[in-house]
Amino acid sequence: MTLLRLGVLASGRGSNLQSIIDAGKAGTIKAEVAVVVSDNPAAFALERAKDNSIPGFCICPGDFTDKVEYEREIVNILNKHQVELVCLAGYMRLVGETMLNAFPNRIMNIHPALLPAFPGLHAQEQAWEYGVRFSGCTVHLVDGGMDTGPIILQAVVPALGTDTPDTLSARILEQEHRIYPEAIRLFSEGRLQLDGRKVFIKSHP
Ligand code: GRF
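Let us look at the structure shown here.

For the rest of this paragraph, the subject is the packing of aromatic side chains. Going through the model one piece at a time under the given rule, you end up with two aromatic pairs. Considering the side-chain rings of Phe 118 and Tyr 130, the 5.6 Å spacing of their centres and the 65° angle between planes classify their relative orientation as edge-to-face. Highlighted residues: Phe 118 in the loop between strand E5 (107–111) and helix H5 (123–130) and Tyr 130 in helix H5, separated in sequence by twelve residues. Accessibility expressed as a relative area gives 16% for Phe 118, which makes it buried.

This part covers the pairing of strand E8 (residues 192–195). Where E8 meets strand E9 (residues 198–201), four bridges bridge the pair, whose relative direction is antiparallel. Bridge pairing in E9 places Gln 193 opposite Phe 200. Linkage of E8 to E9, two consecutive antiparallel strands, is achieved through a turn of two residues, within which Gly 196 is found at a positive phi near 65°.

What follows covers the pattern of salt bridges. Considering all chains together, one arrives at seven salt bridges under this definition. Arg 93 is the partner of Asp 39 in a salt bridge, and the nearest nitrogen-oxygen pair spans 2.6 Å. Taken as a pair, Asp 39 in the loop between strand E2 (31–38) and helix H2 (44–51) and Arg 93 in the loop between strand E4 (85–88) and helix H4 (97–102) lie far apart in primary sequence, 54 residues in all. The salt bridge partner of Glu 182 is Arg 185, with a shortest N-O separation of 2.9 Å. With Glu 182 and Arg 185 both in helix H6 (residues 165–188) and three residues apart, the pair spans about one turn of that helix. Under the relative-accessibility criterion, Glu 182 is labelled partly exposed at 28%. Looking at Arg 185, the relative accessible area reads 22%, which means it is partly exposed.

Tracing the sequence through the fold places Asn 109 in strand E5. Engagement of the side chain of Asn 109 in a polar contact is seen with the side chain of Asp 147, the distance being 3.4 Å. If sequence neighbours within four positions are ignored, Asn 109 has contacts with Leu 88, Thr 138, Val 139, His 140, Val 142, Asp 147 and Tyr 180.

Rules used throughout
- Residues numbered from 1 in each chain as written.
- Predicted model: local features only at pLDDT ≥ 70, side-chain atom pairs only at ≥ 80, totals over all residues.
- Heavy atoms only, no water.
- Phe/Tyr/Trp six-rings, centres within 6.5 Å; stacked < 30°, edge-to-face > 60°.
- Helix = DSSP H or I, 4+ residues; strand = E, 2+ residues; numbered from the N terminus.
- Buried < 20%, exposed > 50% of the residue type's maximum accessible area, 1.4 Å probe, protein only.
- Pairing = 2+ DSSP bridges.
- Salt bridge = Lys/Arg side-chain N within 4 Å of Asp/Glu carboxyl O.
- Polar contact = N/O pair within 3.5 Å; in protein donor to acceptor, adjacent residues only side chain to side chain.
- Contact = heavy atoms within 4.5 Å.

Below you can see the structure in the form of C-alpha cells.
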C-alpha cells in the first residue's frame, strides 16, 4: 500500500500536526508525514516531528533576501522528501506564488472559524467578540489570499453563553483534529473535485 506523502508547515504548538501524524499511524488515513517545516525555531511542532522520527527543518525568512528565495528553499525541501500534499497547520504566513505554483491545488489549510467569516488572526476571539451563536472550523485549499481558497470541509461548533475565547477555541480545536485528517483522507482517495471555487466530494469509485 502506498502512502500519500505529506509535508506539514507549522509555526507553533503543532496539535493539528499531531492529529495528522496520529491518523496516519492509526491507519485512518493512508498518508504519512514525510517532513515538517517551520518558520519558527521555537515551534513545538519541530519537537513533535523529532519525537515521531520525522525530518524537521526550520527555515527562517530572515535568512533570505526575499519571499521568493525563502519559499524556493521550502519547495526544495518538500520536493526532496517527495511531498505530494502540503498541509498548513498553524503556519502563520501567507503563501506566495513560488509555493502555489510548485503545488497547484495541493496545499490545504485549517482555519478556526466558519469561513468566509472571521478570516485572519485570532478567529475564535473575533467570533466570540462578535457574539455569534455558532462558529467552527474550515479546511480549505490555499490560494494567494488570506483564508480565501475553496472550502473542502467545515464543522460547526455552538458558541455558549458561558464561553470564553479559550473554551470556545478548545471545542473548535477538537473539531479541527477531526476534520483535517478527514480532508486529507478524501484527497488521498482522489475524491476532491474542484470546479471553479467549489469543491465537490465524489463518492467512492
Ligand atoms: C489552529 O487553531 C489552526 O486552526 C490555526 O492555527 C492553530 C494552530 O494550532 N490555523 P496547532 O499549532 O495546530 O495546535
